[in-house]
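These are the residues of each chain, in order.
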Amino acid sequence: MIQLILRSLQYRKGRVLALALSVMLSTGLLFSVFLLREGLLGGLGKDEDRLGADLLVVPAKSEVAPGEILYGGAPQNIYMPAELVPEIQQMAGVSRAAGQFFTQTLTEDCCDVGESLRLVGIDSTSDWVSNAWRKGNSTAQPLKPDEILVGSKVASANLKHLFILGKLFRVAGVLEVSGTGLDSSILMDIKIARQLAKTTPQLQESFAGQENPDTLVSAVLVKLEPAASQAVVQQRIRSLGDVQVFSAAETRKHIQREFTVLLGLLFGISGFAAAVCIFQLFVGFYEQVHKRQGEWGLYLAMGLEPSRLALLVWGEAVSICSVGSLGGLAAGVFFYRYGLAFMENYEAFPFLPPSVSFSLFTGFALFLGFILLGTLAALLPAYKSSRLSPGIVMTRSDFS
Amino acid sequence: MLLRAENIEKKYGKETILHGIHLSLERGELVAITGASGNGKTTLLSILGLLQEADAGAIFLDGKEVQSLGNTQKAALRRQYMGFVFQRARLVGALTVQENILLPAWLFGKTAARKKRGEELLKIFGLAAKTDFFPAQLSQGQLRRTVLARALLLEPALLLADEPTNDLDEVSAGTVWRAIQQVRTAGAGVLLVTHDMQYARQADRMLLLEKGALRLADTPLDDKKI
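Visitor: For this particular structure, what's the right way to read a nonpolar patch on the surface?
Guide: Residues and elements named next belong to chain A. A contiguous nonpolar surface patch, about 430 Å² in accessible area, is contributed by I278, F282, L372, L376 and L379. By residue number, the principal contributor to the nonpolar patch is helix 11 (residues 356-386), which donates three residues. Take L372: it is sitting in helix 11.

Structure representation (structure tokens):
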């Protein structure tokens, strides 16, 4: 029976391929969109829980989008005077403010981590953000000069030491997966980060025409008093001059809005592909009732029970949907990776890769869903075939 | 008695195709049914082969009435008792010659014995060189021989053949005819519908279907009329 199904599918390879590709495309698109949506929602959700900063202050000349600073992993060598930090800290309505100094590792350094990563210098006396991401230790000690914290993509948890720009550091902790650029960043004491930037010849270009790195910061994260007006505080900070102030919540909302539209569009395309696929499956199998009456009548005439003939028809549908949806899941992983890379090139955003269990569950659900669709598409043809009179084999002339 | 039909009636709309048909067939007997085209020979064969329902009458297989059985039981009887050679070559285009011959085994269980039998039939019908050919690549004679080989795979007790030598050249028709005779010799009953008087006359009995009724063609028939 299985042999007969396989040979029949092989014989009608054009039709089978068209149906299987349609199922594959629908499954792949749906799978990738579900994964992207899950990753984005997870990233935004975690970011909302842990970011902890209400405002982000960066140099006025910076052309980097606030989302790139908040969520992007690429090094950003932007600088402004460090004296802004105490001024912001003392401002009315500000609860906390922490300066960060950005520099980077170098890819060409033989003793380095091997790729260009963002080094974030944090001021342990004022920083509150990094602690929120430290695995299982909310009361972690401030970083010592030879200690670093690494993002989850930088190194595994059992890494003890790391060479950065020729200096050996002890890995004091690995940060939790944030779905942001933090995952690809290395955090160290701000003084050490400045010192590395000052003493590494290749990084001097970043400070051309500027002051000594010791007097610079790249960004200031600001936490407001609960009753403070964000707009008023933003205005006050802007009045300090040469800075841009972004609301983290607004940035997040902006990204959320953009991706809601994008995901809606992707869901729409996937839904349309699925609708076309369903139509193709139903029409394709219904046509078989007419096209293959002679063949099915022959099987009945030879003594095949009507119920087994229905099983044969169903078997063809399920085989096409199984192969199509399995191929679709593989294609979905490709679409997901390609789609994610495309979206990341377009804009930085928080993204938490979906868990293995979510991916498996979604893949399995889609697989079952398309098997069910195949079953439904084959239901009427299977029923009609089982109701055929075996005598039809004597009269049908359009026999393949 | 292998097959017995009593008082078979069949109408298409208001037109009576068959009426008062009585027929019997013993094991090892070859009965030929002749008659003009459109007289209902194929209809009669399909009723006797349990492929379609008669409006009235009874059919007995090995003494058991089978006309009133359900579809599943009839299917089981067809599988158990019958082999068919249809008027048009009913081969599955997706399958090779060998696979078409083995089709009953694919549907009802492939045993080593059936596979061996399939190989024998390929040789008997001169199809060994065409094993992997598809129906579209075969001549009319090869198609008909393949159909006959398939019908004989399960060694049926009853072979129902509708115009098996129609449209065949003499050599191919002779091969088919000899195979049918061997089936009879092996002990199966053969019910043959044919226009070909050369072969009909070699049957144990030759019946004439005329105006819906079946009678023994015990007088010489005018070949040109049939």
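Visitor: Could you clarify how one ought to interpret the sheet that holds strand 5 (residues 64-65) of chain B in this entry?
Guide: Pairing between the strands of a sheet comes from backbone hydrogen bonds, and it takes one of two forms, parallel or antiparallel. Residue and element names in this part refer to chain B. Strands sit in the order 2-1-4-5 across an open sheet of four strands; the sheet is antiparallel. Whereas interior strands pair on both sides, the edge strands pair on one side only; in this sheet they are strand 2 (15-25) and strand 5. Bridge count between strand 1 (residues 3-12) and strand 2: seven bridges; the pairing is antiparallel. In the strand pairing of strand 2, L3 is matched with L25.

Visitor: Would you mind going over the interface of chain A and chain B with me for this structure?
Guide: Counting from both sides, the interface comprises 28 residues of chain A and, opposite them, 30 residues of chain B. Interface of chain A and chain B: buried area, both sides summed, is about 2500 Å²; carbon and sulfur atoms make up 63% of it. Where chain A packs against chain B, one counts two salt bridges. Note that A:E305 is salt-bridged to B:R79, the shortest N-O span being 3.3 Å. Taken together, chain A and chain B are joined by six residue pairs in polar contact (both at pLDDT 80 or more). When residues of the side of chain A that touches chain B are traced back to their parent elements, those giving at least two are helix 1 (2-11), helix 9 (293-301), helix 10 (306-346) and helix 12 (392-395) of chain A. Residue composition of the side of chain A that touches chain B, by class: 15 nonpolar, eight polar and five charged.

Visitor: When you look at the sheet that holds strand 4 (residues 118-122) of chain A in this model, what are you seeing that I'm missing?
Guide: Residue and element names in this part refer to chain A. The nine strands are arranged 6-7-5-8-4-3-10-1-11 in an open sheet whose pairing can be described as mixed. Of all strands in the sheet, those with a lone pairing partner are strand 6 (161-164) and strand 11 (243-247), marking the two edges. Ignoring strand direction, the axes of neighbouring strands in this sheet form an average angle of 35°. Strand direction decides the pairing type here: strand 3 (residues 94-104) and strand 4, joined by five bridges, are antiparallel. The partner of F101 across the bridge, within strand 4, is G121. Lying on the sheet, helix 8 (residues 248-291) is in contact with strand 1 (55-59) and strand 11; it crosses strand 11 at an angle near 65°.

Visitor: What is the right way to read the pairing of strand 10 (residues 219-224) of chain A from this model?
Guide: Every regular strand shows the same layout, with side chains that alternate between the two sheet faces. Residue and element names in this part refer to chain A. Of all six residues in strand 10, five are buried; the element is thus mostly enclosed. Here three bridges tie strand 1 to strand 10, and the two strands are oriented antiparallel to one another. Bridged to V57 within strand 10 is V220. Note that strand 3 and strand 10 share six bridges and pair antiparallel. What sits directly across from A98, in strand 10, is L221.

Conventions adopted
- Residues numbered from 1 in each chain as written.
- Chains lettered and ligands numbered in written order.
- Predicted model: local features only at pLDDT ≥ 70, side-chain atom pairs only at ≥ 80, totals over all residues.
- Heavy atoms only, no water.
- Patch = residues over 30% accessible without salt bridge, like charges linked within 9 Å, V, L, I, M, F, W, Y side chains within 5 Å.
- Areas by Shrake-Rupley, 256 points an atom, 1.4 Å probe, with all protein chains shown as cover.
- Salt bridge = Lys/Arg side-chain N within 4 Å of Asp/Glu carboxyl O.
- Helix = DSSP H or I, 4+ residues; strand = E, 2+ residues; numbered from the N terminus.
- Pairing = 2+ DSSP bridges.
- Contact = heavy atoms within 4.5 Å.
- Buried area = accessible area lost by both parts, 1.4 Å probe.
- Polar contact = N/O pair within 3.5 Å; in protein donor to acceptor, adjacent residues only side chain to side chain.
- Nonpolar A, V, L, I, M, F, W, Y, C, P; charged D, E, K, R; others polar.
- Axes fitted to C-alpha atoms, helices over the stretch in contact; angles between N-to-C directions.
- Buried < 20%, exposed > 50% of the residue type's maximum accessible area, 1.4 Å probe, protein only.

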